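One-letter residues, chain by chain:
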Amino acid sequence: MSAPPARLTGESVRINIEDLQPADSPRLQGEDIEHIRSLAELQDELPPILVHRRTMRVIDGMHRLKAAILRGERAIVATFYDGNDAEAFVMAVRANVQHGLPLSLADRKAAALRIVRSNPHWSDRAIAQVSGLSAKTVAAIRSDSVAAVAEVCHRIGRDGRVRPLSTVDGRRFASELIALNPESSSREIARKAGISPSTVRDVRDRLRRGDDPVPTRRPTGHHTERSTRERRLQERIKTEQLPALRCRDDILQNLSRDPAIRMTEHGRAMLRWLHSESKQVDKDWGLLATRLPEHCMCLVADLACSIAEAWLEFASEMRRRDALEP
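Residues numbered from 1 in each chain as written. Predicted model: local features only at pLDDT ≥ 70, side-chain atom pairs only at ≥ 80, totals over all residues. Heavy atoms only, no water.

- The protein has the name ParB N-terminal domain-containing protein in an unreviewed UniProt entry, where Plantactinospora siamensis is given as its organism.

Now the structure itself:
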């Protein structure tokens, strides 16, 4: 669960400023005076603030509220939220991470620690998404505060699905189910064993190779299973037994000279696309890698792997068709 349940009223109303309570803010140093003055000088009406209906505490918008007070206004436009206190704090963190004056790294770490303590069943990635940190940083925060965090056996991911912290028992049970009924689908076994279908497929592969269904834990400091996707792609490229790959520019030049390609509209369109794709990745990836927020890096790595897999499938299909040619 990457965010508290949506309980926004959706309707903006004007309420008396004197009825509001100060925010339970994730900002350790409080509001920025200069930012408040800048907002107060704006001529337009400020966007609605977000208010916790039960407590009348400001969730998001203390800078806007104080700017309105500085203007001498007695009322402000607000939208109400009906969740509990812990959910309201998560809403405050998410709102301040996504827009407005950015939270400092210290603010975000402190907020993540508080969310870990109030929602120990949330996954590291779910908390990272809310707090604007990396999952690795959240894991370190969770580890450092383990004595203050409730013991849980499952975590809720960004997609809302519940997953066990350890799949050892599920893997063992799945291996027994596979032995009893090898024809059962991975999805059916996953449902019974309480693990994912992909984990069941891994168990099948391990049993087929004669390995233990539970993988040996890697030493600390090694990449996790998630980061092996790149290595699997590299291994697959090796197993394709490809000839020495030629220079990309030479290949594009050869294609451009081929009359069967450059003399047709479809061929010219394909050449333009290949040239664009070839140049764009070299031009942009270095810059992208240095400017990505830390908590987005794994997502973009997954995207790059997905694109690489699609290209590898395309390459395999081209070589297969070439082999069929008389």
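On we go from here.
Notes on the overall build of the protein
Part 1 of the reasoning: Scanning the protein from N- to C-terminus turns up 14 helices and six strands.
Part 2 of the reasoning: Within the protein, the proportion of its 326 residues that are buried is 33%.
Part 3 of the reasoning: In the protein, 68% of the contacts between residues at least 6 apart in sequence involve partners at least 24 apart.
Part 4 of the reasoning: Accessible surface, the protein as shown: approximately 21200 Å² in total, 54% of it carbon and sulfur. (Helix = DSSP H or I, 4+ residues; strand = E, 2+ residues; numbered from the N terminus. Buried < 20%, exposed > 50% of the residue type's maximum accessible area, 1.4 Å probe, protein only. Contact = heavy atoms within 4.5 Å. Areas by Shrake-Rupley, 256 points an atom, 1.4 Å probe, with all protein chains shown as cover.)

A short note on a nonpolar patch on the surface
Part 1 of the reasoning: Nonpolar side chains collect at one region of the surface, where W273, L303, I307, W311, F314 and M318 lie side by side and expose about 610 Å² of accessible area between them.
Part 2 of the reasoning: Looking at which element gives the most residues to the nonpolar patch, the answer is helix α14 (residues 297-324), with five residues.
Part 3 of the reasoning: The exposure class of F314 is partly exposed, given its relative accessible area of 44%. (Patch = residues over 30% accessible without salt bridge, like charges linked within 9 Å, V, L, I, M, F, W, Y side chains within 5 Å. Salt bridge = Lys/Arg side-chain N within 4 Å of Asp/Glu carboxyl O.)

Things to note about the nonpolar core
For soluble globular proteins, the rule of thumb is that nonpolar side chains tend to be buried together.
Part 1 of the reasoning: Core analysis: the largest hydrophobic core is formed by 15 residues, its most contacted members being V93, I115, W122, I127, V130 and V138.
Part 2 of the reasoning: A per-element tally of this core places helix α4 (residues 105-118) first, with four residues.
Part 3 of the reasoning: Residue contacts for I127: discarding those within four places in its chain leaves A112, I115, V116, N119, W122, V138 and R142. (Core = buried A, V, L, I, M, F, W, Y, C linked by side-chain atoms within 4.5 Å.)

Observations regarding the pairing of strand β2 (residues 49-52)
Part 1 of the reasoning: Side chains I49 and V51 of β2 all project onto a buried face; the interleaved residues L50 and H52 project onto the opposite face, where all are buried too.
Part 2 of the reasoning: With four bridges joining them, β2 and strand β4 (residues 75-81) adopt parallel strand pairing. Following the sheet pairing, I49 is matched in β4 by A78.
Part 3 of the reasoning: Pairing geometry for β2 and strand β3 (residues 57-60), over three bridges, is antiparallel. Residue L50 lies in a different strand from β3, and its bridge partner there is D60.
Part 4 of the reasoning: Counted between consecutive antiparallel strands, the loop separating β2 from β3 contains four residues, among which M56 sits at a positive phi close to 60 degrees. (Pairing = 2+ DSSP bridges.)

A look at the packing of helix α7 (residues 168-180) against helix α9 (residues 197-209)
If you want to describe how two helices pack, look at the angle between their axes and the distance between the axes.
Part 1 of the reasoning: Here α7 crosses α9 at 65 degrees, and the two axes come no closer than 10 Å. Remark: the crossing between α7 and α9 carries right-handed chirality. Of the residues in α9, those in contact with R171, S175 and I178 of α7 are T199, V200, D202, V203, R204, R206 and L207.
Part 2 of the reasoning: The residue makeup of the contact of α7 with α9, split by class, is four nonpolar, two polar and four charged. (Axes fitted to C-alpha atoms, helices over the stretch in contact; angles between N-to-C directions. Left-handed = near helix turned anticlockwise from the far one by under 90°. Nonpolar A, V, L, I, M, F, W, Y, C, P; charged D, E, K, R; others polar.)

A short note on the pattern of salt bridges
Part 1 of the reasoning: Applying the stated criterion across every chain yields a total of 16 salt bridges.
Part 2 of the reasoning: Between R37 and E34 there is a salt bridge whose closest N-O contact spans 3.0 Å. Note that R37 and E34 are positioned in helix α1 (residues 33-40) at a spacing of three residues, about one turn of the helix.
Part 3 of the reasoning: R37 sits in the partly exposed class, given a relative accessible area of 43%.

Side note on the confidence of the model for the protein
Part 1 of the reasoning: Taken residue by residue, the protein gives an average pLDDT of 77. The fraction at 70 or more is 74%.
Part 2 of the reasoning: Here strand β5 (residues 154-156) stands out as the least confident element of the protein, with mean pLDDT 54; β4 is the most confident, with 92.
Part 3 of the reasoning: In the predicted structure, residues 147-153 sits below a pLDDT of 50 and forms eleven contacts with residues beyond four places in sequence or in another chain.
Part 4 of the reasoning: Across residues 218-227, where pLDDT falls below 50, the model places twelve contacts with residues more than four positions away in sequence or in other chains. (pLDDT = per-residue confidence, 0-100.)

A short note on the packing of helix α3 (residues 85-98) against helix α5 (residues 124-131)
Part 1 of the reasoning: Where α3 contacts α5, the two axes come as close as 7 Å, and the packing angle between them is 60 degrees. Classified by the angle their axes make, α3 and α5 are oblique. Between α3 and α5, the contacting residues are V90, V93, R94 and V97 on the first element and Q129, V130 and S131 on the second. (Parallel < 35°, antiparallel > 145°, perpendicular 65-115°, else oblique.)

Quick word on the environment of Q21
Part 1 of the reasoning: Relative to the helices and strands, Q21 resides in the loop between β1 (8-16) and α1.
Part 2 of the reasoning: Judged by relative accessible area, Q21 falls into the partly exposed class, the value being 39%.
Part 3 of the reasoning: Setting aside its immediate chain neighbours within four residues, Q21 contacts T55, M56, R57 and V58.

A look at the environment of S186
Part 1 of the reasoning: Mapped onto the fold, S186 is located in helix α8 (residues 186-193).
Part 2 of the reasoning: The spatial distance from the C-alpha of S186 to the C-alpha of P197 is 5.2 Å, given a sequence separation of eleven residues.
Part 3 of the reasoning: At 3.4 Å, the side chain of S186 forms a polar contact with the side chain of R204. (Polar contact = N/O pair within 3.5 Å; in protein donor to acceptor, adjacent residues only side chain to side chain.)

So, α4
Part 1 of the reasoning: Across its 14 residues, α4 extends 20 Å between first and last C-alpha, which sits within 8% of the 20 Å expected from 1.5 Å per residue.
Part 2 of the reasoning: All buried positions along α4 are accounted for by D107, A111, A112, I115 and V116.
Part 3 of the reasoning: Summarising the contacts, the buried residues of α4 are in contact with α3, α5 and α6 (135-144). (Expected span 1.5 Å × (residues − 1).)

Some thoughts on α3
Part 1 of the reasoning: Under the 1.5 Å per step criterion, the end-to-end length of α3 is 20 Å for 14 residues, consistent within 8% with the ideal 20 Å.
Part 2 of the reasoning: Among the 14 residues in α3, ten count as buried, and that is most of the element.
Part 3 of the reasoning: Regarding α3, its N-cap is N84, as a side-chain oxygen of that residue lies 3.1 Å from the backbone nitrogen of A86 further along.
Part 4 of the reasoning: Looking one or two residues beyond α3, the residue adopting positive phi is G100, at roughly 75 degrees.

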